[in-house]
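Examining the three-dimensional arrangement
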Amino acid sequence: SSKQNHGYRVERFVEWCEDNDLENLNDMTGRSLHEFKVDRSRDVNNVTLQNQLGTVRQFLAFCERIDGVPDGISKKVELPELGLNEDVSDIAITVEEAEAILRYLNKYEYATLRHTIFFTLWHTGIRMSTLHAFDVTDFKPDGNYLKAVNRESTGTPLKNRDRGEREINISPELCQVITDWIYKRHPRVEDENNRMPLIGTEYGRAHKTTIRAHVYRVTRPCHYTNKCPHDRTIEDCEATRSQKASLCPSSVSPHAIRKGSITYHRNKGWPVEAVSDRADVSQEIIDKHYDKGTISEKRERRAKFLDRL
């Protein structure tokens, strides 16, 4: 995904060069780079602009090493300054939303692929890439846990590679849903590496875009409540179509489920160290990006320690 993101960001730079008749990078100047920055700032926010310019700077530094651009040109790429927490997204699913979705799934879509995806993401707080990497054999019903294994050689690396390997405890309720998914609904199709994926389809291991699409669809309020909080007519709303689900203002990505789950863990009294191990994320990153507890929620967490003074 990082490679794809870098490609997209450099592509925007290439398009700008073409639109401005800049055909040879030896003609690149600090002035032209400033013009590119100003042009992109009209279309994207500061965080996106910083990411795009940072990638362009890396690209130009590489070009310097192979004598493809004037020396020192990469240092002339000025990144925008970000305000406090400007690079932090507040989009996270709430406990109330997650519980409403789970009630709907448990009643109407029990032990389906979508139920398994959402319940596992919410209950564990794992990354979508970790869910994508699970094999059926990684599910340990006797011990009520899922085993995250780095299988980079066969196409499912964990983000932190071997350091991300761990055993993730799960509740009896999730354990039962996964058991019923495997034995009653799983298509039993292996992937191209002769592995049986936990999140599988009739074509093999579900693609990450498939997982993401299921999350967008099930997090639309009209899907799990049959009501629209945005005063739209459900029958006429474009977002009700499966391929357009992400256009719903209330639908969220798997990453928003991860944020909401980590916040829920912290509000339920989980120490940050335990959440860090469970979700495979540093305590510093949890505090900055993932823990979306309100000021009151964080105060209530600390209140239980008063009797220790």
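Thresholds, definitions, all that
- Residues numbered from 1 in each chain as written.
- Predicted model: local features only at pLDDT ≥ 70, side-chain atom pairs only at ≥ 80, totals over all residues.
- Heavy atoms only, no water.
- Helix = DSSP H or I, 4+ residues; strand = E, 2+ residues; numbered from the N terminus.
- Buried < 20%, exposed > 50% of the residue type's maximum accessible area, 1.4 Å probe, protein only.
- Contact = heavy atoms within 4.5 Å.
- Areas by Shrake-Rupley, 256 points an atom, 1.4 Å probe, with all protein chains shown as cover.
- Salt bridge = Lys/Arg side-chain N within 4 Å of Asp/Glu carboxyl O.
- Patch = residues over 30% accessible without salt bridge, like charges linked within 9 Å, V, L, I, M, F, W, Y side chains within 5 Å.
- Lys, Arg positive; Asp, Glu negative; His and termini not counted.
- Charge placed at Lys NZ, Arg CZ, Asp CG, Glu CD.
- Pairing = 2+ DSSP bridges.
- Axes fitted to C-alpha atoms, helices over the stretch in contact; angles between N-to-C directions.
- Left-handed = near helix turned anticlockwise from the far one by under 90°.
- Nonpolar A, V, L, I, M, F, W, Y, C, P; charged D, E, K, R; others polar.
- Parallel < 35°, antiparallel > 145°, perpendicular 65-115°, else oblique.
- Phe/Tyr/Trp six-rings, centres within 6.5 Å; stacked < 30°, edge-to-face > 60°.
- Expected span 1.5 Å × (residues − 1).
- Disulfide = S-S within 2.5 Å.

Some remarks on the overall build of the protein chain
A tally of helices and strands in the protein chain yields 13 helices and five strands. A principal-axis box enclosing the C-alpha atoms of the protein chain has dimensions of 65 × 55 × 50 Å. Out of the 309 residues in the protein chain, the part that is buried amounts to 45%. Intrachain contacts of the protein chain at a sequence separation of at least 6 include 60% that bridge at least 24 residues. Accessible area of the protein chain: about 17,700 Å², with a carbon and sulfur share of 46%.

A look at the pattern of salt bridges
Within this structure, the stated rule accounts for 18 salt bridges. Between Glu 238 and Arg 241 there is a salt bridge, and its shortest N-O distance comes to 3.8 Å. Glu 238 is the salt-bridge partner of Lys 244, the closest N and O atoms lying 4.0 Å from each other. We classify Glu 238 as partly exposed; its relative accessible area is 39%.

Observations concerning a negative patch on the surface
On the surface, Glu 18, Asp 19, Asp 21 and Glu 23 cluster together to form a negatively charged patch. Tracing the chain through its elements places Glu 23 in the loop between helix H1 (2-19) and helix H2 (30-41).

Some thoughts on the sheet that holds strand E3 (residues 166-169)
The three strands lie next to each other as E1-E2-E3, forming an open sheet whose pairing is antiparallel. Of all strands in the sheet, those with a lone pairing partner are strand E1 (139-140) and E3, marking the two edges.

Comments concerning the packing of helix H10 (residues 254-267) against helix H11 (residues 272-279)
Where H10 contacts H11, the two axes come as close as 10 Å, and the packing angle between them is 150°. When you trace H10 past H11, the crossing you get is right-handed. Between H10 and H11, the contacting residues are Arg 258, Ile 262, His 265 and Arg 266 on the first element and Val 272, Val 275, Arg 278 and Ala 279 on the second. Of the residues assigned to the contact of H10 with H11, the class counts are four nonpolar, one polar and three charged.

Details of the packing of helix H5 (residues 113-124) against helix H8 (residues 208-218)
At a minimum axis distance of 10 Å, the contact between H5 and H8 shows a crossing angle of 85°. The orientation of H5 with respect to H8, classified from their angle, is roughly perpendicular. Of the residues in H8, those touching H5 at Leu 113, Arg 114, Ile 117, Phe 118 and Leu 121 are Ile 211, His 214, Val 215, Arg 217 and Val 218.

Let's talk about the packing of aromatic side chains
Working definition: an aromatic ring pair is given by the centre-to-centre distance plus the angle between the planes. One pass over the full model with this rule turns up four aromatic pairs. Their ring planes at 35° and their centres at 5.3 Å tell us that Tyr 104 and Tyr 108 sit as a pair that is tilted. On the criterion of helical spacing, the pair formed by Tyr 104 and Tyr 108 is a turn pair, its members being four residues apart in helix H4 (residues 95-108). For Tyr 104, a relative accessible area of 16% gives the class buried. Feature note: the residues Phe 13, Trp 16 and Phe 36 constitute an aromatic cluster, connected by ring pairs.

Quick look at the side chain of Asp 291
As for its position among the elements, Asp 291 is in the loop between helix H12 (283-290) and helix H13 (295-303). Look at Asp 291 and you get buried, because its relative accessible area is 7%. Sequence-distant contacts of Asp 291, defined by excluding residues within four places in its chain, comprise Thr 263, Arg 266, Ile 286, Lys 298 and Arg 301.

A closer look at H5
Over its twelve residues, H5 extends 17 Å from the first C-alpha to the last, a length consistent with the 16 Å expected when each residue adds 1.5 Å. Restricting attention to buried positions, one finds in H5 the residues Leu 113, Arg 114, His 115, Thr 116, Ile 117, Phe 118, Phe 119, Thr 120, Leu 121, Trp 122, His 123 and Thr 124. Where H5 terminates, the next one or two residues include Gly 125, which has phi positive at roughly 75°.

Some details on the environment of Val 281
Relative to the helices and strands, Val 281 resides in the loop between H11 and H12. Judged by its relative accessible area of 8%, Val 281 falls in the buried class. Taking the C-alpha atoms as reference points, Val 281 and Arg 127, 154 residues apart in sequence, are found 9.7 Å from one another. Leave out the neighbours within four places in its chain, and Val 281 touches Arg 127, Arg 258, Ile 262, Ser 276, Ile 286 and Tyr 290.

Focus: the state of the cysteines
Scanning the model with the defined rule gives zero disulfides in all. In this structure Cys 237 is a free cysteine whose sulfur lies 6.1 Å from that of Cys 228, the closest cysteine sulfur available. Looking at Cys 237, the relative accessible area reads 14%, which means it is buried. Left unpaired, Cys 248 is separated from the closest cysteine sulfur, that of Cys 222, by 5.9 Å. By relative accessible area, Cys 248 is classed as buried at 9%.

Structural notes on the pairing of E3
A one-sided burial pattern is seen for E3, the buried positions being Arg 166 and Ile 168 and the unburied ones Glu 167 and Asn 169. Sheet topology note: the strand E2 (residues 145-148)/E3 ladder contains four bridges and is antiparallel. Within E3, the residue paired with Ala 148 across the bridge is Arg 166.

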